Amino acid sequence: MSLPDVVAHLRALEQEAGRESGSAQLVAVTKGQTLDSIERCVLAHGTFPLGEGRAQELRDKAAERPDWEWHYIGPLQRNKIKYLRPVTLVHAIEAAWQAQAIAEAAGKWGHAPDLLLQLHNGEEQKHGVPTDELAQTLREVRETGLSVRGLMVMAPDFGADVAQAEAESRILRLFTDTARRAHDLGLSELSMGMSGDYPLAVRAGATLVRVGRSLFQ
Ligand SMILES: *Cc1c(COP(=O)(O)O)cnc(C)c1O
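Only a predicted model underlies this, so the values are computations on that prediction, with no experimental measurement involved.

Caption draft 1: Fine view of the nonpolar core. Of all hydrophobic cores here, the largest spans 68 residues; its most connected members are Leu 26, Val 42, Leu 84, Ile 102, Phe 175 and Leu 215. The element contributing the most residues to this core is helix α4 (residues 96-109), with eight residues. Formed by six residues, the second largest nonpolar core is a distinct cluster that contains Val 27, Leu 116, Met 152 and Leu 208.

Caption draft 2: Representation of the pattern of salt bridges. Applying the stated criterion to the full structure yields eleven salt bridges. Between Glu 57 and Arg 54 there is a salt bridge, with the nearest N and O atoms lying 2.9 Å from each other. A salt bridge links Glu 57 to Lys 61, with the shortest nitrogen-to-oxygen separation between them at 2.8 Å. With Glu 57 and Lys 61 both in helix α3 (residues 55-64) and four residues apart, the pair spans about one turn of that helix. With respect to class, Glu 57 is no different from Lys 61; both count as buried.

Caption draft 3: View of the UniProt feature "domain: Alanine racemase N-terminal" (unreviewed entry) in the chain. Listed under "domain: Alanine racemase N-terminal" (unreviewed entry) in the UniProt record, and renumbered for this structure, are residues 9-216. End C-alpha atoms of residues 9-216 are separated by 16 Å, and the span's content is 37% helix alongside 17% strand.

Caption draft 4: Region of the structure containing the UniProt feature "modified residue: N6-(pyridoxal phosphate)lysine" (unreviewed entry) in the chain. Here the UniProt-annotated "modified residue: N6-(pyridoxal phosphate)lysine" (unreviewed entry) positions come out as Lys 31. With respect to the helices, strands and loops of the structure, Lys 31 is situated in the loop between β1 (25-29) and α2 (35-41). Overall, the relative accessible area of 41% leaves Lys 31 in the partly exposed class. Leaving out residues up to four positions away in the same chain, Lys 31 has contacts with Gly 51, Glu 52, Gly 53, Arg 54, Glu 57 and Lys 61.

Caption draft 5: Quick look at the site of the ligand. Close contacts around the ligand come from Val 29, Lys 31, Ile 73, Met 152, Met 154, Met 194, Ser 195, Arg 210, Val 211, Gly 212 and Arg 213, and that covers them all. Between Lys 31 and the ligand, the recorded distance is 2.8 Å, taken from a side-chain N or O atom to an oxygen atom. One of the side-chain nitrogen or oxygen atoms of Arg 213 is found 2.7 Å away from an oxygen atom of the ligand. Within the complex, 86% of the 390 Å² of free accessible area of the ligand lies under protein. Partitioning the shell around the ligand into residue classes produces six nonpolar, two polar and three charged.

Rules of the game
Residues numbered from 1 in each chain as written. Predicted model: local features only at pLDDT ≥ 70, side-chain atom pairs only at ≥ 80, totals over all residues. Heavy atoms only, no water. Core = buried A, V, L, I, M, F, W, Y, C linked by side-chain atoms within 4.5 Å. Buried < 20%, exposed > 50% of the residue type's maximum accessible area, 1.4 Å probe, protein only. Helix = DSSP H or I, 4+ residues; strand = E, 2+ residues; numbered from the N terminus. Salt bridge = Lys/Arg side-chain N within 4 Å of Asp/Glu carboxyl O. UniProt positions renumbered as here; feature names shortened; annotations may be inferred. Contact = heavy atoms within 4.5 Å. Near = heavy atom within 4 Å. Polar contact = N/O pair within 3.5 Å; in protein donor to acceptor, adjacent residues only side chain to side chain. Areas by Shrake-Rupley, 256 points an atom, 1.4 Å probe, with all protein chains shown as cover. Nonpolar A, V, L, I, M, F, W, Y, C, P; charged D, E, K, R; others polar.

In structure tokens, the structure reads:
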């Protein structure tokens, strides 16, 4: 696959799901990729937000290309928040202190990114807000004054333990549940789906799909 194939596939999946064309946007995940290969495989085909998952790598790349649109999709440590200055959207807020630290830094930067809250996926995952803490965390994050636009979730990797059809049905259920929770909270953005599962995410209503590997093969 290449980027035009993925975008064409997204448009077809939107249509199949009865969704508006362009309602599932591609975030090109560029972690581990050089600026050259990002130019060749992504930006040669149009303008897309670029998702980075490691804070220092983001800082270094964005310093070279401040005119590109950067999203941060990785986990957030306190001492790395200073590197998020170039970012317009942070996908994986898991706790109010992270939003607080971003809000403080944003005061110095003179601009602030928007946020998504990462939902825990109910499996063996370290990251994400547990579903029963979501409403409270959302309230606390909003107290920082930053704008929370939606939810993000990562499907578990079931590996070989679970048959493919069963894994797909569990992932689709996770995405559908996440979409329902976002709707109930009045949140409109849904960052769901990676190379292996973005078709399920589009069916469930994803507005941002984070695809990496498929773009660079
Ligand atoms: C790496 C990564 C992706 C992209 O995964 P691919 O399998 O390369 O498409 C998406 N989301 C997050 C949070 C990632 O770290």
